[in-house]
Amino acid sequence: MWFGERARQLCEMLQISLPLVQAPMAGGWTTPELVAAVSNAGALGMLPAARQSVDQLVAAIDAVRQLTTKPFGVNFLLAPPEPFDGDFRDMRATVGDLRAELGIPDSPAVAAAPPAVLEQQLDVLRDRGVPIVSFAMGNSRALVDRLRADGALTLGSATTVHEALALAQSGVDGIVAQGAEAGGHRATFDVNGADTLPLVGTIALVPQVVDAVSIPVIAAGGIMDGRGMAAALALGASAVQMGTRFLTAEESGAFAAYRDAVIDSDGSNTTVTSLLSGRPARTIRNRVLRELEASAVKPLPWPFQGTALRDIYEAAARSNNADFAFLLAGQAGALARRGQRAEEIVAEVSTSAAHVLQALGSATTAGARRA
Ligand SMILES: Cc1cc2nc3c(=O)[nH]c(=O)nc-3n(C[C@H](O)[C@H](O)[C@H](O)COP(=O)(O)O)c2cc1C
């Protein structure tokens, strides 16, 4: 087995053949076709539940089930809506010109909190026997207990050792350690008294989390190919979770200009900002972000900033306009490839990781013989 004992044990627990997880990516990019293709290739496909109604989640799970008999998982973002007085006039005025440029009405976006549907969604997972559930932006022992009682394995997301320890205490079956390179929202839920967002890089975070907890650790953030996968396994991770790499898969729902922006990005033009959704997320810098920065208007609280701008993001996606879209992506976008099916990505990354590890192993053995 090229990937070692830790990874083998995790694969056995999750009932998968390769220690590779496709990151759940909310926003419409993680289609059921992508999830099923990844699972069919022997890795683990993950559906995001964020911003999905109960009916949408049911439809997505059923669509995956039509396409695969292999295990797959569902992911939740646990951060509750922050207090908000409903006044978004300043934000509306700030983006008025962008709406006009896109040709969409200057109607106020919905200011109501999204309906709290977690309980109903959990019922859906239980009734449909979804075997793996991951979550980010929160930690809840009650949730972990409930999922275990329903027969699901749980993976919690941590951005620091402190968070990983808290998740382990809650009884999760594994930790997704999200390094600062990662695309998408920061999974952070406890800054542990710090007044700035922790941004610990993957290469620093993973071995520290591995040393701190006795459950499997899945490395996430900037891992795009076999070299990254081999490095993560060398750091003690039991698997990798890759998001940005799958954004450009044939089965992904990402629009063409988004894919181009990912491939054109070497990370130097990504940033972690709360301006686009109300919570820190790594995105590719574009015009909508520059306009919001220049306006100096405070973002609305989570998730209202995202709700207030949703029509802009959706119009941008419809018209294939990366300038006005919410372009979540990690720091190693340029390592993504065009025109690959998810199955090819899984095969390429894992085969290449095996070669890298073998080559390093033989180099070490030869070196030891010479010494
Ligand atoms: C477009 C996009 C959307 C994401 N949405 C979610 C999400 O809904 N839930 C979640 O736990 N993580 C989400 N993430 C973060 C991933 O789980 C993971 O940490 C990240 O993709 C790893 O870094 P990489 O993109 O460099 O591979 C998202 C990432 C991206 C790129």
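For the structure given in this document, a descriptive report is provided here.

## Let's talk about the sheet that holds strand 3 (residues 72-77)
Sheet strands pair by backbone hydrogen bonding; their relative direction is either parallel or antiparallel. In space, the 8 strands of this open sheet follow the order 1-9-8-6-5-4-3-2, with parallel pairing throughout. Edge strands, defined here as strands with exactly one partner in the open sheet, are strand 1 (20-22) and strand 2 (45-48). The mean inter-strand angle of the sheet, taken between neighbouring strand axes irrespective of direction, is 25°. Inspection of the sheet shows strand 2 paired to strand 3 by 4 bridges, in the parallel sense. Within strand 3, the position partnered with Gly45 by the bridge is Phe72.

## Quick notes on the sheet that holds strand 7 (residues 184-185)
Pairing in this open sheet of 3 strands is antiparallel, and the strands run 7-11-10 from one edge to the other. Because the sheet does not close on itself, it has two edges, and the strands there are strand 7 and strand 10 (270-273). Relative to strand 11 (residues 281-284), strand 10 runs antiparallel, the two sharing 4 bridges. Directly across from Thr273, in strand 11, lies its bridge partner Ala281.

## A short note on the site of the ligand
Looking at the ligand, there are 23 residues lining it, with Pro24, Asn75, Gly222, Gly243 and Thr244 nearest. Between Gln178 and the ligand, the recorded distance is 3.1 Å, taken from a side-chain N or O atom to an oxygen atom. Contact distances for the ligand include 3.5 Å between an oxygen atom and a backbone N or O atom of Gly221. Residue assignment for the shell around the ligand shows that the elements contributing at least two residues are strand 3 and strand 9 (239-242). When grouped by side-chain class, the residues that make up the shell around the ligand number 13 nonpolar, 10 polar and no charged.

## Looking at the pairing of strand 3
Burial runs high along strand 3: 5 of the 6 residues are buried. Examined bridge by bridge, strand 3 and strand 4 (residues 132-136) share 5 bridges and lie parallel to one another. Looking at strand 4, one finds that Leu77 is bridged to Ala136.

## Describing the pairing of strand 4
In terms of burial, strand 4 is largely enclosed, as 5 of its 5 residues are buried. Inspection of the sheet shows strand 4 paired to strand 5 (residues 153-158) by 4 bridges, in the parallel sense. Opposite Phe135, over in strand 5, you have Gly156 as the bridge partner.

Cut-offs and rules
Residues numbered from 1 in each chain as written. Predicted model: local features only at pLDDT ≥ 70, side-chain atom pairs only at ≥ 80, totals over all residues. Heavy atoms only, no water. Pairing = 2+ DSSP bridges. Helix = DSSP H or I, 4+ residues; strand = E, 2+ residues; numbered from the N terminus. Axes fitted to C-alpha atoms, helices over the stretch in contact; angles between N-to-C directions. Near = heavy atom within 4 Å. Polar contact = N/O pair within 3.5 Å; in protein donor to acceptor, adjacent residues only side chain to side chain. Nonpolar A, V, L, I, M, F, W, Y, C, P; charged D, E, K, R; others polar. Buried < 20%, exposed > 50% of the residue type's maximum accessible area, 1.4 Å probe, protein only.

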